[in-house]
Amino acid sequence: MSISHAPPAPRSGISPLSKDGEFSLDLQPLVPASARRARVPRWLRRATGPVLLLLLWQLLSATGVLPADVLASPGRIAEVGRDLVADGSLSSAMATSLQRVAAGLLFGTVVGTGLALVSGLFRIGEDLVDAPVQMLRTVPFVGLIPLFIIWFGIGETPKIAIITLGVTFPLYLNVYAGIRGVDAQLIEAGESLGLSRWGLVRHVVLPGALPGALTGLRYSLGIAWLALVFAEQVNADSGIGFLMVQARDFLRTDVIVVCLIVYAFLGLLADFIVRSLERLLLQWRPTFTGR
């Protein structure tokens, strides 16, 4: 009596015997579990929170839980925003505010970065610069508004000076930390390759400090818009802050919210520009982007 054995079932990824008696491998790529999940577009995930918040806001306004004199409904705010755009008052105010922020950001970047380079690259510079900057950093820049008015009057100069002061310190701290955070072994390697002092600064120190500088720029942009809100309360006759002051006098919460939304979107746009610069300038530095 003969006993016949059935051929064993082939394992996953291995094909059965071919005609010439050899095994053939059928390799399949391994897909991470995170990639096998259903993918939702990232823009849709990011928009879910604000959309739900708007729906809740509209619901509370429609049911009377949130009175209009306390906070206008999203529909009313959209109408007021459309009217402000139609008559040109919002675009004119945005142009004025952008000019103030651009001037303050330019001056603050030059001052903050220059002080950080002097303090970070030279020990004598650190001894002379760092202590005064740290002392001034602890003084609230908003508290200096009366002093700026006495010094510079009530024109554009004190407004730009407030923004400049708010921008200077975050840039100084981050650029200084970036310079002093460069790996000493990279400096030694550059010296062994025969780089001069300027060559070390150009090819080693400044690229190593660039991530910190861009982080400081992001912080500075956020503080620039915050400083603008206070600056445009100083006898302003134009700008987004001026619209907010007028709306406050007439108890127009809808206009105030429109101005706040404009501030928020301008800040978001500025942050997007800096993050795009980071992706462009820091391509040499691979980082973890989340899963």
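One can find the structure itself at the top, above this paragraph.
For clarity, every value in this text was computed on a predicted model and none was experimentally measured. (Residues numbered from 1 in each chain as written. Predicted model: local features only at pLDDT ≥ 70, side-chain atom pairs only at ≥ 80, totals over all residues. Heavy atoms only, no water.)

## Observations concerning the overall build of the chain
Then, in step 1: The helix and strand inventory of the chain stands at 11 helices and two strands.
Then, in step 2: Along the chain, helices and strands appear, N-terminal first, in the series β-β-α-α-α-α-α-α-α-α-α-α-α.
Then, in step 3: Counting over 291 residues, the chain shows a buried share of 32%.
Then, in step 4: Long-range pairs, those at least 24 residues apart, make up 68% of the contacts in the chain with a sequence separation of at least 6. (Helix = DSSP H or I, 4+ residues; strand = E, 2+ residues; numbered from the N terminus. Buried < 20%, exposed > 50% of the residue type's maximum accessible area, 1.4 Å probe, protein only. Contact = heavy atoms within 4.5 Å.)

## As for helix H10 (residues 240–249)
Then, in step 1: Burial in H10 covers these residues: Ile240, Gly241, Leu243, Met244, Val245 and Ala247.
Then, in step 2: Next to the buried residues of H10 lie helix H4 (89–121) and helix H11 (253–281).
Then, in step 3: After H10 finishes, the residue Leu251 shows a positive phi value of roughly 55 degrees.

## Re the packing of aromatic side chains
Aromatic ring pairs are reported here in terms of the distance separating the ring centres and the angle at which the planes meet.
Then, in step 1: On inspection of all chains with the given rule, the structure shows four aromatic pairs.
Then, in step 2: Between Phe148 and Trp151, the ring centres sit 6.1 Å apart and the planes meet at 45 degrees, which makes this aromatic pair tilted. In this pair, Phe148 and Trp151 are both assigned in helix H6 (residues 145–152), three residues apart and thus about one turn of the helix distant.
Then, in step 3: Relative accessible area serves as the criterion here: at 54%, Trp151 is assigned to the exposed category.
Then, in step 4: Pairing Trp151 with Phe152 gives two aromatic rings, centres 6.2 Å apart and planes at 85 degrees, and the pair type is edge-to-face.
Then, in step 5: Through pairs of rings, three or more aromatic residues link up here, namely Phe148, Trp151 and Phe152. (Phe/Tyr/Trp six-rings, centres within 6.5 Å; stacked < 30°, edge-to-face > 60°.)

## Some thoughts on the packing of H4 against H11
Then, in step 1: Look at H4 against H11: their axes get within 12 Å of each other, and the N-to-C directions meet at 45 degrees. For the element pair H4 / H11, the angle class is oblique. The two elements H4 and H11 meet at a crossing, and its hand is right-handed. From H4, Leu90, Met94 and Leu98 reach across to H11, where they touch Val258, Val262 and Leu266.
Then, in step 2: Split into classes, the residues belonging to the contact of H4 with H11 amount to six nonpolar, no polar and no charged. (Axes fitted to C-alpha atoms, helices over the stretch in contact; angles between N-to-C directions. Parallel < 35°, antiparallel > 145°, perpendicular 65-115°, else oblique. Left-handed = near helix turned anticlockwise from the far one by under 90°. Nonpolar A, V, L, I, M, F, W, Y, C, P; charged D, E, K, R; others polar.)

## A look at helix H9 (residues 197–231)
Then, in step 1: The end-to-end C-alpha distance of H9, which contains 35 residues, comes to just 42 Å, noticeably less than the 51 Å that a straight helix rising 1.5 Å per residue would cover.
Then, in step 2: Of all the bends in H9, the greatest reaches close to 40 degrees and is centred on Leu210; the proline Pro211 follows between one and four positions later. (Expected span 1.5 Å × (residues − 1). Bend = angle between axes of the 7 residues up to and from the residue.)

## Re the packing of helix H8 (residues 184–192) against H9
Then, in step 1: Their axes nearest at 10 Å, the elements H8 and H9 cross at an angle of 145 degrees. Read as a crossing pair, H8 and H9 show a hand that is right-handed. Residues Leu186, Ile187, Gly190 and Glu191 of H8 form the contact with H9, whose own contacting residues are Leu200, Val204 and Val205.

## What to know about the pattern of salt bridges
Then, in step 1: Inspection of every chain in the model, using the stated rule, returns eight salt bridges.
Then, in step 2: Across the salt bridge formed by Arg252 and Asp254, the nearest N and O atoms sit 3.1 Å from each other.
Then, in step 3: The exposure class assigned to Arg252 is partly exposed, which follows from its relative accessible area of 34%.
Then, in step 4: Sharing partners across several salt bridges, the network here consists of Arg76, Glu79, Arg252 and Asp254. (Salt bridge = Lys/Arg side-chain N within 4 Å of Asp/Glu carboxyl O.)

## Section: the nonpolar core
Then, in step 1: The biggest cluster of nonpolar side chains holds 49 residues, and the ones touching the most others in it are Ile162, Trp225 and Ile240.
Then, in step 2: Sorting the residues of this core by element identifies helix H3 (74–86), H4, helix H5 (123–137), H6, helix H7 (156–180), H9, H10 and H11 as the ones contributing at least two each.
Then, in step 3: Leaving out residues up to four positions away in the same chain, Ile240 has contacts with Ala93, Met94, Ser97, Glu232, Cys259, Val262, Tyr263 and Leu266. (Core = buried A, V, L, I, M, F, W, Y, C linked by side-chain atoms within 4.5 Å.)

## Some thoughts on the environment of Leu128
Then, in step 1: Mapped onto the secondary structure, Leu128 falls in helix H5.
Then, in step 2: The exposed category is assigned to Leu128, whose relative accessible area is 62%.
Then, in step 3: Measuring from C-alpha to C-alpha, the distance between Leu128 and Val118 comes to 9.3 Å, with 10 residues separating the pair along the chain.

## Section: unusual backbone geometry
Then, in step 1: The phi angle at Leu251 is positive, at roughly 55 degrees, despite the residue not being glycine.
Then, in step 2: Mapped onto the elements, Leu251 comes out in the loop between H10 and H11.

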